[in-house]
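# Observations on the three-dimensional arrangement
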Amino acid sequence: MEDDQLDTMIAFLARPTGRGGVDRALREIVLRLVNGSYQPDEKLNANKIAKEIDVGLVPVREALHLLAGQGIITLLPQKGARVKGLSRAETEEWHEIFRAITLIGMRRAARLLREQPGLRAPLAEARTVLERLASEQTGAGIVTTLLEFHRRINAFCGSELLDEASRRLQVVHWISFVAQYATLVPYRETIMGNYFRLVDALTRGDADSAVAAYNYSCAFLNALIRGEQPEAGTTWMPDGTS
C-alpha cells in the first residue's frame with residue numbers, strides 16, 4: 001500500500017497524535033490490519049510489535065489503546081490485545097451504515113455544484129483519484145482509493161462532522177473485512193465505472209441521480225461482500241429488480 005493510501009486510512013481512524021513513535025506504531029498496525037497480515041482473533045503482543053518496527057513499548061501500547069477506543073481491537077488484561085472479527089453479514093451492515101452517512105455528503109456536494117458550478121475543480125481531482133482503480137492490484141488498495149474519494153467529497157462539502165462520523169463508524173476496522181470477503185480486483189473497472197456515474201451526476205448538480213448512482217454502487221459492493229461473483233461483461237441488477 002502506498003504512503004498516501006495509508007494516510008487515508010489513518011485520517012479515517014483518528015487525527016495524528018503528533019507524537020512520532022505513536023503515529024509510526026499506529027501506521028504500521030493499521031497497515032497490517034488492512035493488508036490481512038493480522039487475522040481476526042489474532043493476539044497482538046506489544047513487545048513483539050515494538051521490536052519489529054523499532055519503536056518503544058510505550059508508544060506501541062498507546063497506539064493499541066487508541067485502536068481499542070475505536071473498537072478495532074480488544075485489550076486483554078496482562079495479555080496484550082486481540083483483533084476483533086466481523087462476519088460477512090456484519091461487514092455488509094457496517095457498509096450500509098457508512099452509505100447512509102456518506103449520502104449526506106453526496107447531497108450536499110450536488111447542491112453546492114448546482115448553486116456554484118465554478119466549484120468543479122475539486123470534484124475533478126476526486127475523479128482523478130478514482131482513476132487509480134484501473135491499476136489497483138489488491139482489494140486493500142481498492143477500498144482505500146474509495147475512502148480517499150469520500151474523504152475528498154467530505155472536504156469539498158466543508159464538513160468535518162462527516163469525517164468525524166466516519167471515524168466513529170470504525171471504518172478502518174470493517175473496511176479491512178470488505179477487502180477480505182469481497183473479490184474486488186476482477187471488478188475494479190466496474191466499481192470505477194459506477195463511481196464515475198456518481199461523479200458525473202454530482203458535476204451536473206443532480207442530487208437525485210447522484211443518490212441513485214451511489215446506491216447502485218453500494219448495492220454492487222454489498223453483493224461482492226456476500227460472495228457473489230457477477231459474470232463479467234453483463235449488467236448487474238440488484239435483487240428484486242428487473
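Now for a description of the structure that goes with this document. The structure presented is a predicted model; accordingly, all values stated were derived computationally and were not measured. (Residues numbered from 1 in each chain as written. Predicted model: local features only at pLDDT ≥ 70, side-chain atom pairs only at ≥ 80, totals over all residues. Heavy atoms only, no water.)

### Digging into the packing of aromatic side chains
What describes a pair of aromatic rings is the distance from one ring centre to the other and the angle between the planes of the rings. Enumeration over the complete set of coordinates arrives at seven aromatic pairs. Ring plane angle 75° and centroid distance 6.3 Å describe the contact between tyrosine 195 and tyrosine 214, whose orientation is recorded as edge-to-face. Of the two residues, tyrosine 195 sits in helix α10 (residues 188–204) while tyrosine 214 sits in helix α11 (residues 207–225), which places them 19 residues apart along the sequence. The same class applies to tyrosine 195 as to tyrosine 214, namely buried. Look at phenylalanine 220 and tryptophan 236: their rings are 5.4 Å apart centre to centre, the planes differ by 80°, and that puts the pair in the edge-to-face class. Of the two residues, phenylalanine 220 is situated in helix α11 and tryptophan 236 in the segment after α11; the sequence distance between them amounts to 16 residues. In this structure an aromatic cluster arises from ring pairing among Tyr187, Tyr216, Phe220 and Trp236. Positioned over the ring face of phenylalanine 196 is arginine 127, at 3.9 Å from the centre of the ring. (Phe/Tyr/Trp six-rings, centres within 6.5 Å; stacked < 30°, edge-to-face > 60°. Helix = DSSP H or I, 4+ residues; strand = E, 2+ residues; numbered from the N terminus. Buried < 20%, exposed > 50% of the residue type's maximum accessible area, 1.4 Å probe, protein only. Lys NZ or Arg CZ within 6 Å of the ring centre and 35° of its normal.)

### Looking at the environment of arginine 27
Summarising the element assignment, arginine 27 is placed in helix α2 (residues 20–34). Between the C-alpha atom of arginine 27 and that of alanine 63, which follows or precedes it by 36 residues, the distance is 9.1 Å.

### Here we look at the nonpolar core
Counting residues in hydrophobic clusters, the biggest one holds 49 residues, and the most contacted among them are Phe149, Val178, Leu184, Ile191, Leu198 and Leu202. Mapped onto this core, the elements with two or more residues apiece are α5 (88–115), α6 (120–130), α7 (139–157), α9 (171–181), α10 and α11. Here this core gets 10 residues from one element, more than from any other, and that element is α11. Apart from residues lying up to four places away in sequence, leucine 184 is in contact with Gly139, Ile142, Val143, Val178, Ala179, Ile191, Leu221 and Leu224. Counting 22 residues, the second-largest nonpolar core is a separate cluster that includes Val34, Ala50, Leu67 and Val83. (Core = buried A, V, L, I, M, F, W, Y, C linked by side-chain atoms within 4.5 Å. Contact = heavy atoms within 4.5 Å.)

### Re the pattern of salt bridges
If charged atoms from side chains of opposite charge come close, those side chains can pair. Scanning the entire structure with this criterion turns up 11 salt bridges. Between glutamate 62 and arginine 19 there is a salt bridge, with the nearest N and O atoms lying 2.0 Å from each other. On the criterion of sequence distance, the pair formed by glutamate 62 in helix α4 (residues 57–69) and arginine 19 in the loop between α1 (3–13) and α2 is long-range, its members being 43 residues apart. Residue glutamate 62 is classed as partly exposed on the basis of its relative accessible area, which comes to 30%. With a relative accessible area of 42%, arginine 19 lands in the partly exposed category. Between arginine 127 and aspartate 200 there is a salt bridge, with its nearest N and O atoms 3.1 Å apart. (Salt bridge = Lys/Arg side-chain N within 4 Å of Asp/Glu carboxyl O.)

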